[in-house]
There are 2 protein chains.
Amino acid sequence: MTTSNDVARRAGVSQATVSRVLHDNARVGAEARARVLAAMAELNYVPNAQARAMRLQRTGTIGVVSGKIKTPFFPQLIDAIGSNIADRNLRMVLWNSEENRGEPAALETIRSGLLDGLIFTSARPHSATLHQVAELGIPFVLVNRTVDELECDKVTSDNEAGGRQVAQYFIANGRHQVAIVGSSSDLSTVRARRKGFVDEFTRQGIPLRPEWQTQGDEPYTHDLALEAAVPILAAEDHPDAVFCLGDPNGFGVLDAARRTHRVVPTDVWVVGYDDTEMCSWESFDLSSVRQPVDDMARVAVELLVRRIAEPDAPFIDHRFASNLIVRGSTGNVPLKSTQ
Amino acid sequence: MTTSNDVARRAGVSQATVSRVLHDNARVGAEARARVLAAMAELNYVPNAQARAMRLQRTGTIGVVSGKIKTPFFPQLIDAIGSNIADRNLRMVLWNSEENRGEPAALETIRSGLLDGLIFTSARPHSATLHQVAELGIPFVLVNRTVDELECDKVTSDNEAGGRQVAQYFIANGRHQVAIVGSSSDLSTVRARRKGFVDEFTRQGIPLRPEWQTQGDEPYTHDLALEAAVPILAAEDHPDAVFCLGDPNGFGVLDAARRTHRVVPTDVWVVGYDDTEMCSWESFDLSSVRQPVDDMARVAVELLVRRIAEPDAPFIDHRFASNLIVRGSTGNVPLKSTQ
DNA sequence: CTGAAAGCGCTAACAA
DNA sequence: TTGTTAGCGCTTTCAG
């Protein structure tokens, strides 16, 4: 590895001058600068980021804790976050939060001075690690899933409004016998989606059948949704619409409909959540609520960068709108404009 | 941030002793050790990895350049690589290689001293950056996609054998009118899959129709496969089997069959590649060639770690077997044992 | 067994 | 404009 000292020696200047040339804010004589530049090129010099970070107390690296990466949703978010980070000439260290190993690893890493800040995409309520991060005054942002009691920057989409919109859509089109398929965990996203949906039915005085609302801690899997939906759809007395708290659940319900010979959308409507790419495939053609993932990622990175620069800035809770994308699984029936 | 100096002061020992306690290989007096340990606990001390890295010339961080992360395949690989890295108490910096921005960024980062080694999952032939990495003597491993002319550690599955196996399966079951849907790019994976398949037909003297072999540089997308397959399947004279060079292509062809009213598997067999999770969903039930992704990731990390420790070890080219998983899209017809 | 001191490569204050 | 110098926090000789 060639160092700034090697460059200095070669250019016949002091090492400090090399450093100055590197950050051309400082004034360096034209001739000296030329010699340094030449020496750098000849030696193929790359400054050592480690040493710079040690001096500046700034690493240029951001830690990201992803939700289960083997889902259709999180790669979308990671991709967008990664692009925004790269655009700013920063780097991204990634943890997959499966088994909750990610959070503690991220905390340890930032405490060891390797990171400037942290982005959590899959915060769980009552996470001890998250509370620790907050207490230690570490710059961080919650995106996608949040934790109510934590005071910090948050970027979400309005999951409650999303659930409500689906409920209004079902009701407005006479689909009152509805099921909810998905996790009953207290993750902020699924909880809000469920709440928005349920509250709207309650508000309009339409009863929901408890036996048509699935339970379970595991979010977002196709197979669990399939198993849960088959008995519900197979029964003589079955729902005429199903709200799924994530797209994989939606795909599972579509498979359940196929297996029980219920025709979508004639017999039963199905709506998913996240509008991942597969929704538009003809096999599925699944109506789904879209979150503005790219915008969420952009703002999350923006907020974190700001937080790193200004640790005492007021916290921002940025909530984007979300929108139901209508497809064949709800008969392509358009949304009423009043909704 | 509390430093080893703070701990030393508090414990009434020298800073060097704190450092020794940290790496308990060194002999430290029992009493001194106890005092240091106590001080560390009280001060909630975490050693600065930056400074350590600077001394040791080892960062404990590995860079990974992923292929397009918004596909079903790469997240699987990234997940597995990430787990193996985490198991070794290392960290992973990730780049998404879309637009080929990833490789140069990874190179720059390792040259700046922030990484110990690099894993490339989506090498392209003739990549200037990759050649540079090799010339600079940087420890790196190619996994999944490789580049023939590069001398380095490589971990792949036998894509050519995979293609051959599919060909033999089609032929043995009388499906001789076959199409190939997928990219015609020179990426090592799709090239080998195509070659293995084509060579086997040639070997057995069965002609292939050129107009049933799709072209295109973009690999692995559902929509391109759909558009390409529709005219092929719609024709009176259509293939009785389709080999798809990636699962998304397979799903696209299944959708094309649906659209053209061809019944799978009666009218046409379909086989994909990678056996991603969705293949087993009832909507698809797609036969597909499985790569041992977890094993590939494990070995890739092993090789890289070894390479970092022993820069001059002989290069290893580790090629795993791959296996066709039979499902409904080929009528669940079992493989002959002789194949 | 323990402390003093050098140095990893860099930035920035201070002098000249 | 340029050089000298003092660290950033750690590991590791070298003395004692």
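Scroll up a little and you will see the structure.
Read on for a plain summary of the structure. Just so it is clear, the model here is predicted, and its values are computed rather than measured. (Residues numbered from 1 in each chain as written. Chains lettered and ligands numbered in written order. Predicted model: local features only at pLDDT ≥ 70, side-chain atom pairs only at ≥ 80, totals over all residues. Heavy atoms only, no water.)

## Observations concerning the protein's contact with DNA strand D
Near DNA strand D lie 26 residues; those nearest to it are A:Arg20, A:Gly29, A:Arg55, B:Ser4 and B:Arg55. Of all atoms in DNA strand D that approach within 4 Å of the protein, 56% are sugar or phosphate atoms. Backbone polar atom of B:Asn48 to a phosphate oxygen of DNA strand D: 3.0 Å apart, as the coordinates give it. Contributing elements (two or more residues each) for the surface near DNA strand D: helix 2 (15–22) and helix 4 (49–56) of chain A together with helix 2 (15–22) and helix 4 (49–56) of chain B. Broken down by class, the residue content of the surface near DNA strand D amounts to 10 nonpolar, 10 polar and six charged. (Near = heavy atom within 4 Å. Polar contact = N/O pair within 3.5 Å; in protein donor to acceptor, adjacent residues only side chain to side chain. Helix = DSSP H or I, 4+ residues; strand = E, 2+ residues; numbered from the N terminus. Nonpolar A, V, L, I, M, F, W, Y, C, P; charged D, E, K, R; others polar.)

## Quick look at the interface of chain B and chain A
Taken together, the contact between chain B and chain A spans 47 residues of the former and 47 residues of the latter. Counting the contacts that link chain B with chain A gives six salt bridges. Between A:Glu282 and B:Arg259 there is a salt bridge; the shortest N-O distance is 2.2 Å. One can count 18 residue pairs in polar contact (both at pLDDT 80 or more) joining chain B with chain A. (Contact = heavy atoms within 4.5 Å. Salt bridge = Lys/Arg side-chain N within 4 Å of Asp/Glu carboxyl O.)

## As for the sheet that holds strand 8 (residues 269–273) of chain B
Residue and element names in this part refer to chain B. Here five strands make up an open sheet; going across it, the order is 6-7-8-9-11 and the pairing mixed. Every other strand in the sheet has two partners, leaving strand 6 (178–181) and strand 11 (323–325) as the edge strands with one partner each. Averaged over neighbouring strand pairs, the angle between their axes works out to 20° when direction is ignored. Strand contacts of helix 11 (residues 247–259): strand 6, strand 7 (241–244), strand 8 and strand 9 (287–290), with the helix running at about 155° to strand 8, the strand carrying the most contacts. (Pairing = 2+ DSSP bridges. Axes fitted to C-alpha atoms, helices over the stretch in contact; angles between N-to-C directions.)

## Things to note about the relation of the copies chain B and chain A
Mapping chain B onto chain A leaves a residual RMSD of 0.1 Å; the transformation is a rotation of 180° accompanied by 0.0 Å of translation along its axis. Classification of the inter-copy transformation places it as that of a two-fold axis. Within chain B, B:Val93 has its C-alpha nearest the rotation axis, a separation of 2.1 Å. Here 100% of the interface residues in chain B have copies in chain A that are interface residues too; the copies meet face to matching face. (Least-squares fit on C-alpha atoms with pLDDT ≥ 70 in both.)

## Focus: the sheet that holds strand 6 (residues 178–181) of chain A
All names here are of chain A. Strand order across the open sheet formed by five strands is 6-7-8-9-11, with mixed pairing between neighbours. Both edges of this open sheet fall to strand 6 and strand 11 (323–325), since each of them pairs with a single strand only. Going from strand to strand, the sheet's axes swing by 20° on average, the running direction of each strand aside. Sheet topology note: the strand 8 (residues 269–273)/strand 9 (residues 287–290) ladder contains three bridges and is parallel. Looking at the pairing, Gly272 lines up with Ser288 of strand 9.

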